[in-house]
Each structure stands twice: as C-alpha cells, then as structure tokens.
Amino acid sequence: MKSIKFIDLFCGIGGIRLGIEKAGFECVFSCDINAECRKTYFNNFNEMPQDDIKKISESDIPDFDILCAGFPCQPFSISGKQKGFDDDRGTLFFEICRFIKAKQPQVVLLENVKHLVHHDKGRTLSIMLEKLSVLGYNVEWKLLNALDFGVPQNRERIVIIASKSHRFDFNRIKIAERKTLIDFLDSKGEFEFLTECEYTLIENPKIQKQSGLCFAGYRNKTIRKAGVRPGTEHLSRVHKQPNRIYSVMGTHPTLPSQESSGRFWILTTDNRVRKLTIDECYRIMGFPENFIRVATLSEQYKQIGNSVCVPMITAVAEAIETQFFSKDIKVVYRRDAFRTVATNL
C-alpha cells in the first residue's frame, strides 16, 4: 500500500508531525518562520523546514495527500489583541488556501485556538469555512480537548477537517480515559518550591467535573489593583493563570505560549507548592521523553505552549486514515442527514 504523504505548514517544533507520523503517514515538506523552532525541528527530524511561507512557490512543494497546518493563533487568541485578518499573521490562512488550490490534496487538517470559534462574532471562522468550501471541499470542525486523549491538560482547540470526497465524522475519533496530573510528574529533581508565606490555600478544593481542574489556592502577589472584581486580585491581566495553584489530584489548565518563565504552580500530595518543571510541561503535551530540546529555557516554555497535544493529533490522523484512505470503506448517502458519511464494511 502506498504511503500517505503530508506537508507540515507552520510546523513549530513538530508536534503535529509527531502525531501524524505515529499514524503511519510520511512527511514530505515543512516550513516555519521562527528560527528557534526550525532548529528544534531539525534536531528531531533531521530536516530543516523552509522559512517564510509567503516566499514559497507551490511548484516547489512535492505532491501530497494531506495538508496539515497549525497556523498562527495569536490573531484569534483571547490572550492576544484579536485583530484577526487585520493582523498580518491572520492573513496566513490564505497562504494555506493558495497551496490547497494549486495542489488539491485529498484532506486538509487545520488546528487553532478555541477562540477562533467566537472571533468577530463567528464571522472569521465562517469566512474560512466558506473559502475551503469554494475550493471544492466538504468541511467539518469541532472543539477537541487534550483531556480526552490521555494527557492531564484542559486544552481545547478547534480542529477543521476538509475533504474532497465526503465529510469527516468527528464522532469516530477514539478518545482515551482521562488522566490526572499526579501520574505525569517527576518524582525527583531540582524543584522550585514556594514558602508558606508566599501563597494561600483554599479550604476543601473541588475538582471541576468538565475540566478536571482543581483550583487549590493562589500566590500572595497582586498583579492587578484597579478595576477588578473582589476575589480576582490574584489573577493576571493576560491569561489569568500565573498566580493560580492547582492540585496534582486534578488536571492542569492550558499551557500558554506567553508564559516564558513557566509560572505554573501545583499543590503536591505532601501539601507543598512548587513550579511545574519544563520536562513535565512537555510530558502533559504528550511529547516523547527522547524529544530533543536545544533552545533556552524561556524559549522552550514558549515553544511547548505554542505546540499541540500529540496524542490528540494521532487520534485525528487515525480517524482520517480510516475514513478516507482505508480500503475497507464505502460512501453511504443518508437522506435523513442530508450528507455523505463513510462507514466501515
């Protein structure tokens, strides 16, 4: 059986590639404008990605079956200025469309932040979906959470799947049993602990049913003073997490790319508060233990925060293989749903 080939646009440090390759697909091209990310990518895949996508000609890319792109999320993120298409990075989606139009891959896999769904009251996402439809694709999207793929991180991301043949069925993605943070932590190491006077714990912390988070306390450090509601003084202005402390008996909130100093605080089973290590950050993103990291520590925190949950991508890739590339599928037209679906014979 011929190998299924994919390209890795806006590849970062290779999170999507790790996930896709686990499903047995072959990468034939990669690009990313960030020099530090390209170095890390090269050290792990022995391939130096090309840089600025705007300077890459469609004719220079080999043929492929799947286009993968974790395109820049900052223009749509709730942690950014949310300029969308008014941000140069936001227009990079149309560079993806340029490659799709020229190469006509069978499947397109796009990943971005959850807030893309709500950006500009939903108009931004509607424009993207319409553009893919005009290019001749059947488009489906869904918010997926890393929690459902075997890692203890409440990390919701939108995944868009577009196909030339029929619509993708997200309900057929295999999910895994949810995990807690305690099983992903280092037992030994040079941990950075807070002293008891540096934090306040709350009584009887409870695990949130949907997210699995267990908010246990906060650092005694006020970031904001003006214009804040009572009880929220310990939250930061940007992504509201660096002062919060979460119990290791629950899950961890989304690792953001803005937190270059790694201020992620956890309450351990012996009732002490320490910082999550960079090794643990990579682990709760599903990266392998042998992943090579060559950047500075602050750059590593940014790189892993910008990446993807590897097991989630693998599960999506396996569903893509089953629904679009397996020999044992047929297309069935369901009048009740007014759409085409793929089912196993």
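See the structure above.
For every chain, the first residue of the written sequence is number 1, and numbering continues from 1 along that sequence. pLDDT decides what is reported in this predicted model: residues at 70 or higher carry local features, side-chain atom pairs at 80 or more are listed and counted, and totals for whole chains, interfaces and linings draw on all residues regardless. Side-chain numbers come from the whole structure's heavy atoms, not from hydrogens or water.

Engineer: Help me get a handle on helix H4 (residues 123-134), residues and values and all.
Structural biologist: Residues separated by three or four positions in an α-helix point in the same direction, a consequence of the helix having 3.6 residues per turn. We count a stretch as a helix when DSSP gives it H or I for four or more residues in a row; a strand needs E for two or more, and each element gets its number in order from the N terminus. Here the expected span of a helix is defined as 1.5 Å times the quantity of residues minus one. When the terminal C-alpha atoms of H4 are compared, their 16 Å separation across 12 residues agrees well with the 16 Å that a helix rising 1.5 Å per residue should span. Throughout, exposure labels follow a simple rule: accessible area from a 1.4 Å probe, protein chains only, divided by the maximum for the residue type, with under 20% read as buried, over 50% as exposed, and the rest as partly exposed. Here H4 has its buried residues at Thr124, Leu125, Met128, Leu129 and Leu132. Buried residues of H4, viewed axially, fall in a sector of 130°; they line one side. Here a residue-residue contact requires only that any non-hydrogen atoms of the pair lie within 4.5 Å. Looking at the buried residues of H4, the elements they touch are helix H3 (92-103), strand S4 (107-113), strand S5 (138-145) and strand S7 (156-163). Once H4 ends, the next one or two residues include Gly136, with phi positive near 100°. Note: the arc covers the axis-to-C-beta directions of the helix.

Engineer: Kindly report on helix H1 (residues 15-22), identifying the contributing residues and their values.
Structural biologist: Across the eight residues of H1, six count as buried, placing the element largely inside the fold. Those residues of H1 not exposed but buried are Gly15, Ile16, Arg17, Leu18, Gly19 and Ile20. Packed against the buried residues of H1 are strand S1 (5-9), strand S2 (26-31), helix H2 (35-45), strand S3 (66-69), S4 and helix H7 (310-325). Downstream of H1 by a residue or two, Gly24 has a phi angle that is positive, lying close to 95°.

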